[in-house]
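Residue-level listing of the chains:
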Amino acid sequence: MVQTRAISKTINTLLDLKERFNLVPTQDDDFFQEWTQDLPELTNQEIKILEQIKNRFYRHRERGSLAEGTVNQLLISPLLTLAGLYDEPFFVTTEPEVEIVFQEKDEVLRGRIDTLIIQQQFWVLVVESKSTIAFTVALPQVLTYMMANPHPERFVYGMITNGDEFQFIKLATHNQPQYDLSDIYSLLIPRREQIQDILRVLKKIGQIMS
């Protein structure tokens with residue numbers, strides 16, 4: 001009898017990923033250069049809009065922790081808009097269901113992605129916001145969603161955020177499943193302007209995948 005399990009309750013550690021998917025961190029230093037090399041410059045208008053987004057976020061954040069929906073409205077949607085990932089040739093879908101079948105185990109894993117950016121039928125960016133949940137908890141779940149990419153011959157990007165921090169992921173499954181992570185970008189120190197770096201990475205991903 002086939003058992004159906006929720007991804008969020010089944011894949012909780014990086015060891016779970018290794019055991020079920022043989023998914024491991026890459027050893028290739030060149031695997032994920034997109035978040036550091038040849039990043040696009042921002043226009044003065046984009047920088048001005050980012051300042052508005054950042055100030056709006058701080059005004060809400062100083063009152064306490066923010067729910068996922070609030071993080072999406074204050075940060076995720078405006079950043080994806082500025083990056084052009086809502087525009088041609090991309091499309092956005094929210095909460096699409098994913099399913100991974102393990103025939104040898106008579107098991108199906110199911111879950112819902114917060115936000116998925118696609119180009120034609122190809123996955124571009126998996127976005128997951130987790131309120132105050134630590135990245136160590138969110139990462140296994142997001143990587144599992146990314147493993148459901150219906151075109152495993154193509155790599156896919158991910159982004160996880162709790163509002164205060166952001167991290168980017170690159171996953172490839174065509175041979176040995178492997179992934180790599182960017183540094184963590186923090187919005188908690190205003191003078192560092194890391195929201196600009198986040199937008200530059202998003203724009204870079206859009207350039208690569210368009």
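Overview of the structure. (Residues numbered from 1 in each chain as written. Predicted model: local features only at pLDDT ≥ 70, side-chain atom pairs only at ≥ 80, totals over all residues. Heavy atoms only, no water.)

**Some details on the pairing of strand β6 (residues 115-119)**
So, point 1. Of all five residues making up β6, five are buried, and the element is well covered by its neighbours.
So, point 2. Burial along β6 is two-sided: the face carrying T115, I117 and Q119 and the face carrying L116 and I118 are both buried.
So, point 3. Two strands pair when backbone bridges link them, and strand β3 (residues 90-94) and β6 are joined in this way by five bridges, in the antiparallel orientation. Residue V92 lies in a different strand from β6, and its bridge partner there is I117.
So, point 4. Here five bridges tie β6 to strand β7 (residues 122-129), and the two strands are oriented antiparallel to one another. When the bridges of β7 are listed, I118 appears paired with W123.
So, point 5. Where β6 folds back onto β7 in an antiparallel hairpin, the turn is made up of two residues, including Q120, whose phi is positive at roughly 55 degrees. (Buried < 20%, exposed > 50% of the residue type's maximum accessible area, 1.4 Å probe, protein only. Helix = DSSP H or I, 4+ residues; strand = E, 2+ residues; numbered from the N terminus. Pairing = 2+ DSSP bridges.)

**A look at the sheet that holds strand β1 (residues 3-6)**
So, point 1. In space, the three strands of this open sheet follow the order β1-β5-β4, with mixed pairing throughout. Strand pairing shows two members of the sheet lacking a second neighbour, β1 and β4 (97-102), which therefore form its edges. Each strand of the sheet is rotated relative to its neighbour by a mean of 25 degrees, with strand direction disregarded.
So, point 2. Of the pairings in the sheet, the one linking β1 to strand β5 (residues 107-112) comprises four bridges and is parallel in character. Note that in β5 the partner of R5 across the bridge is L109. (Axes fitted to C-alpha atoms, helices over the stretch in contact; angles between N-to-C directions.)

**Observations regarding the nonpolar core**
So, point 1. Among the nonpolar cores identified, the biggest contains 37 residues, and L125, F166, F168 and L202 are the most heavily contacted of them.
So, point 2. Contributions of two or more residues to this core are made by α3 (44-61), α4 (68-82), β7, β8 (156-161), β9 (165-172) and α6 (194-209).
So, point 3. Those residues within four positions of F168 in sequence are excluded, and the remaining contacts are F32, G158, M159, D180, L181, S182, Y185, I198, V201, L202 and I205.
So, point 4. Counting residues in each nonpolar core, the second largest holds 27 residues, with L116, V126, V156 and I160 among its members. (Core = buried A, V, L, I, M, F, W, Y, C linked by side-chain atoms within 4.5 Å. Contact = heavy atoms within 4.5 Å.)

**Thoughts on the pattern of salt bridges**
So, point 1. Tallied over the entire structure, the rule returns 10 salt bridges.
So, point 2. Ionic pairing is found between E107 and R5, a salt bridge with its closest N-O pair at 2.6 Å. With E107 in strand β5 and R5 in strand β1, the pair connects residues that are 102 residues apart, well separated along the chain.
So, point 3. The buried category is assigned to E107, whose relative accessible area is 6%.
So, point 4. Looking at R5, the relative accessible area reads 35%, which means it is partly exposed.
So, point 5. When the shortest N-O distance is used, the salt bridge between E99 and R110 registers 2.6 Å. Placement of the pair is E99 in strand β4 and R110 in strand β5, with a sequence separation of 11 residues.
So, point 6. Put simply, R5, R20 and E107 are held in one network by salt bridges that share partners. (Salt bridge = Lys/Arg side-chain N within 4 Å of Asp/Glu carboxyl O.)

Honestly, it's all geometry; don't read function into it.
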